[in-house]
Amino acid sequence: MAETSPTSLNKVVSEELQCSICLDAFTDPVSTPCGHNFCESCLNQYWNNSQTYNCPFCKETFNNRPEFKINTALRQLVQVFKQNIPEKTSEVLCDICDGVKKKALKICLVCQNAYCQTHLDLHQKVTNLKHKLIDPVLNLENYICQKHEKPLELFCKDDQTCVCFLCALTNHRNHNTVAVEEESKERKPLIMKMKTDVQQMIQYRKKTIQDIKQSATLRKKTSEKEKAESTELFADLMCCIEKCQSELLEMMEQKQKAAEKEAEELIKDLEQEITELKRRDAELEQISHTEDHLHLLQFYPALSKPPHTRSWTHVSISDTQLSVETLRKTLTQLHDTLNDKLSTSVLKRIHQYAVEVTVDPGTAHPNLILSNDGKQVTNGDIKLELPDNPERFSTCCCVLAKEGFNSGRFYFEVQVKEKTDWDLGVVRESANRKGKITEAPEDGYWAVALRKGNQYQVFKYPTVSLSLRAKPQVVGVFVDYEEGLVSFYDVESSSHIYSFTGQTFSERLFPYFSPGNAHKGKNAAPIIISHIRKSE
C-alpha cells in the first residue's frame, strides 16, 4: 500500500477543514442533518437569502430550518491546523454564483462584477456585451474612477494620471490623453532599462565586496609581515626597547583591527544595498511581465525613483601599514646606538615603494646635459639653444622627472659621489620654474642641498643646516603623499638625513634634481639616478 506524503496529507486535511461556501477554513463550524459542515455565519446567510432550507453542498432539502450547535471539536481542530500552516491567500470569487461560489476568471470593469467561467460565457454571449475585462483583482476600486464610477481607460500625459472617458471630456478636455495600453507599452522599455541598471548595480556591488575582501586579505598579510620584521628588529635590543616594542605592536594591532572592522562595515553596507536592490529587481521583474497595464502605470512612479544607494565609485579601507615617520620618531627616542638599526629597517621597508625615474628634457635648464637613458644629469657649463617653454627652468640648473605622483608612496635613489654641490627632492607641478627660485615648501619645493663640499642645508624659512656623520654617496628620497611626508636617507650608512613632516599635497609631485654649478670642473661629476631592485 502506497504511503501518503506529508504534503498530500496536509492538502487533504486542508480541504476537509474548508467551508464550501466561503472556501476558507471553518469559523465556528456547524453541521447540517445530512452531515456536511459550514461556517455558522455562512450557513445562516445562505438560508436567509433562500426560500427553502437545503444543504449548500448536496442540495438535500429540509422541511424546517434545522437548529444547530457549534462543533467545538472541529473548531479546535481548525485552530490547531491554522497554527501549523501558512495563511491562505485570498481569492476573488464569482459575484453571480448562488450557494458555493466558484473562483472568478475575469472582472468586468463596466459591470464591476467578477465572473466565473460559466457566468462569463453568459455575460459575453447572452447579453452580447463588449465590456472591458481584466484578470481578477482584490482592489477593484483602483481600476474605477471614484468620481464617475467608470473604468480608468485613459492616461493623461499632462497630469501623469489615469482617467476615465468622462474625465477626459471634462477636467482633462484639452490634455494629451492616450489609452492606458499605449502608455503602458511605452513605459515597459523604461522599466526594463531600470531593471538592467539595478542588475548592474548589484553586480558592481558584488564585485566591490570581492575587491574589499581581497584588499583586506592583502593588507592583513602585509601587516603580519611588518609585525614579524618589527619583532626581528627589536630582538637584539630587547633589554632597552621592550617598552617601545610593546607600544609599536599594539599600535599595529589597533590599525589592523580598525581596518578589518572598516572592511566588515563596508561589506555589511554593500550587502544591505544588494538586498534592497534585489527587492527592487524582483518588483521590476514582476511588473515587467504584467499584462495589467493600469497596475503598471500606478506603481511606475514609485519604481522609477532610483534606490537610495551610495555610488561606491571610490571605495577603500584604511591603510594598516606602519608609517615610516611614526617608526622613526618612536625609535629615535631610544639610545643613540639604535639609530643605525632604525634607518636600516626603514630603508628596507621603503624599498618596496621604489619607482623607475627618468629626467624630462622638456624641463631641463639649457646648461644641463642629459644621458640618452634619462638617468644621468651633468652641468655642461655651456648654454644650449633650446625653446623656452613654460615647463623649462630658465635660471637655476634644475630638471624634473617625467614621472609625477598624486597619491600613495614612492621612493628613488640618486648617486651624488664626487659632487661638491647638488639639490634633490620633489616639486609640485605648479611651482615656479622661471627666474630665481627659493627651494622652500611654501614655494612648492621640498629639497635637501649640498654646498661647498660639506655644507648640507634644507631650504625653508629659516634655512636649516644639517650635521651629518658621513658624506652621503647615494641619497634616497621617500614620499608618503597622504601622510604629507618627504624623507631623505644616506643609503650606504643607512642613516636618516632629514624629513619634512605634516605637509599637505594637492598636486602632482615630481622628483627634482640639480647637479649644481660646474665651478670650473670641480663639480663636473654627474648625478645618477639609481635603478633599485624592490624588496620582497
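Predicted model only: the values in this text are computed from it and were never measured.

Enquirer: Account for the overall build of the protein chain, naming residues and giving values.
Expert: Secondary structure summary: the protein chain contains 10 helices and 23 strands in total. A compact globule built from 536 residues should have a C-alpha radius of gyration of about 24 Å, whereas the protein chain, at 42 Å, is more than 25% larger. Projected onto its principal axes, the C-alpha positions of the protein chain cover 135 × 70 × 45 Å. At a minimum sequence separation of 6, the contacts of the protein chain that also span at least 24 residues come to 61%.

Enquirer: Tell me about the pairing of strand S16 (residues 445–451), and name the residues and values.
Expert: Counted residue by residue, S16 has six buried out of seven residues, so it is predominantly covered. Sheet topology places strand S15 (residues 422–428) next to S16; six bridges connect them, and they run antiparallel. What sits directly across from Trp422, in S16, is Leu450. Summarising the sheet, S16 and strand S17 (residues 455–458) pair through four bridges and their orientation is antiparallel. What sits directly across from Ala449, in S17, is Gln457. The loop that links S16 with its antiparallel partner S17 comprises three residues; one of these, Lys452, has a positive phi angle of about 55°.

Enquirer: Lay out a nonpolar patch on the surface in plain terms, naming residues and giving numbers.
Expert: Side chains of Phe165, Leu166 and Leu169 sit close together on the surface and give an oily, nonpolar patch of about 270 Å² of accessible area. Secondary-structure assignment places Leu169 in helix H5 (residues 165–169). Residue classification places Leu169 among the partly exposed positions, given a relative accessible area of 42%.

Enquirer: Report on the sheet that holds strand S6 (residues 113–115), specifying residues and quantitative values.
Expert: Sheet architecture is open: three strands sit in the order S6-S5-S7, paired in antiparallel fashion. Across the chains shown, the open sheet's two edge strands, defined by having one partner strand only, are S6 and strand S7 (133–134). Bridge analysis of strand S5 (residues 106–108) against S6 gives three bridges, and the strand direction is antiparallel. Looking across to S6, one finds that Cys108 is bridged to Asn113.

Enquirer: Please set out the packing of aromatic side chains residue by residue, giving values where relevant.
Expert: If you walk through the whole model with that rule in mind, you get 13 aromatic pairs. Consider the rings of Trp446 and Phe505, whose centres lie 5.1 Å apart with planes at 85°: the pair is edge-to-face. Taken together, the residues span a long stretch of sequence, with Trp446 in strand S16 and Phe505 in the loop between strand S21 (495–500) and strand S22 (509–514) at a distance of 59 residues. For Trp446, a relative accessible area of 3% corresponds to the buried category. On the accessibility criterion, Phe505 (10% relative accessible area) is buried.

Enquirer: Quick rundown of the pairing of strand S20 (residues 485–490)? Include the residues and the values.
Expert: S20 sits mainly inside the fold: six of its six residues count as buried. Residue alternation in S20 divides its side chains into two sets, Leu485, Ser487 and Tyr489 and Val486, Phe488 and Asp490, and both sets are buried. Both S20 and S21 contribute to a ladder of five bridges, which runs antiparallel. Paired with Ser487 across the two strands is Ser499, which belongs to S21. In sequence, S20 turns back onto S21 through a hairpin of four residues, with Ser494 there showing a positive phi of about 50°.

Enquirer: Provide a residue-level description of the sheet that holds S16, including the pertinent values.
Expert: With antiparallel pairing, the six strands of this open sheet are ordered in space as S13-S22-S15-S16-S17-S18. Each end of this open sheet is capped by a strand with a single partner; those strands are strand S13 (399–400) and strand S18 (464–466).

Enquirer: Give a description of the pattern of salt bridges that names residues and reports values.
Expert: Side-chain pairing between opposite charges can occur once the charged atoms of the two side chains come close. Taken as a whole and assessed by the stated rule, the structure comprises 23 salt bridges. With a shortest N-O distance of 2.8 Å, Lys375 and Glu356 are connected by a salt bridge. With Lys375 in the loop between strand S11 (368–370) and strand S12 (376–379) and Glu356 in the loop between helix H10 (339–350) and S11, this residue pair connects regions lying 19 residues apart in the sequence. Within the structure, one salt-bridge network assembled from shared partners comprises Lys157, Glu183, Glu186 and Arg187.

Enquirer: Give a description of the environment of Gly380 that names residues and reports values.
Expert: For Gly380, the position within the fold is in the loop between S12 and S13. Judged by relative accessible area, Gly380 falls into the partly exposed class, the value being 25%. Taking the C-alpha atoms as reference points, Gly380 and Gly521, 141 residues apart in sequence, are found 9.3 Å from one another.

Enquirer: An account of the packing of helix H6 (residues 180–235) against helix H8 (residues 293–304) is needed here, citing residue identities and associated values.
Expert: Running from N to C, H6 and H8 cross one another at 40°; their axes reach a closest spacing of 9 Å. Considering the angle they form, H6 stands oblique to H8. Relative to H8, H6 is oriented so that their crossing is left-handed. Touching Val180, Glu181, Glu183, Ser184, Arg187, Lys188, Leu190, Ile191 and Met194 of H6 are His293, Leu294, Leu296, Leu297, Tyr300, Leu303 and Ser304, all from H8.

Enquirer: Could you give an account of helix H2 (residues 40–48), with specific residues and numbers?
Expert: Restricting attention to buried positions, one finds in H2 the residues Cys42, Leu43, Tyr46 and Trp47. Down the axis of H2, the sector holding all buried residues measures 125°, keeping them to one side. Exposed side of H2, more than 90 degrees from the buried face: Gln45 and Asn48 are the residues found there. Tucked inside the fold, the buried residues of H2 contact strand S1 (29–31), strand S2 (37–39), strand S3 (53–54) and strand S4 (61–62).

Enquirer: Describe the side chain of Asn389, listing the residues and the values that go with them.
Expert: Relative to the helices and strands, Asn389 is located in the loop between S12 and S13. A distance of 2.9 Å separates the side chain of Asn389 from the side chain of Glu391, its partner in a polar contact. Not counting the four nearest positions on each side in its chain, Asn389 is found in contact with Gly362 and Lys434.

Enquirer: Explain the nonpolar core to me, using residue names and the numbers behind them.
Expert: Grouped together as the largest cluster of nonpolar side chains are 42 residues, with contacts concentrated most on Ile107, Tyr143, Cys162 and Ile191. Of all the elements in the fold, those that place two or more residues in this core are strand S8 (154–156), strand S9 (161–163), H5, H6, helix H7 (238–288) and H8. When residues of this core are assigned to their parent elements, the largest contribution, eight residues, is made by H7. The residues touching Cys162, leaving out its near neighbours within four places in the chain, are Leu152, Leu154, Phe155, Val180, Leu294 and Leu297. In terms of nonpolar packing, the next biggest core, distinct from the first, is built from 36 residues, Phe410, Val458, Phe488 and Tyr498 among them.

What counts and what doesn't
- Residues numbered from 1 in each chain as written.
- Predicted model: local features only at pLDDT ≥ 70, side-chain atom pairs only at ≥ 80, totals over all residues.
- Heavy atoms only, no water.
- Helix = DSSP H or I, 4+ residues; strand = E, 2+ residues; numbered from the N terminus.
- Rg over C-alpha atoms; globule rule 2.2 N^0.38 Å.
- Contact = heavy atoms within 4.5 Å.
- Buried < 20%, exposed > 50% of the residue type's maximum accessible area, 1.4 Å probe, protein only.
- Pairing = 2+ DSSP bridges.
- Patch = residues over 30% accessible without salt bridge, like charges linked within 9 Å, V, L, I, M, F, W, Y side chains within 5 Å.
- Areas by Shrake-Rupley, 256 points an atom, 1.4 Å probe, with all protein chains shown as cover.
- Salt bridge = Lys/Arg side-chain N within 4 Å of Asp/Glu carboxyl O.
- Phe/Tyr/Trp six-rings, centres within 6.5 Å; stacked < 30°, edge-to-face > 60°.
- Axes fitted to C-alpha atoms, helices over the stretch in contact; angles between N-to-C directions.
- Parallel < 35°, antiparallel > 145°, perpendicular 65-115°, else oblique.
- Left-handed = near helix turned anticlockwise from the far one by under 90°.
- Arc of directions from axis to C-beta.
- Polar contact = N/O pair within 3.5 Å; in protein donor to acceptor, adjacent residues only side chain to side chain.
- Core = buried A, V, L, I, M, F, W, Y, C linked by side-chain atoms within 4.5 Å.

Coordinates in, geometry out; function isn't part of it.
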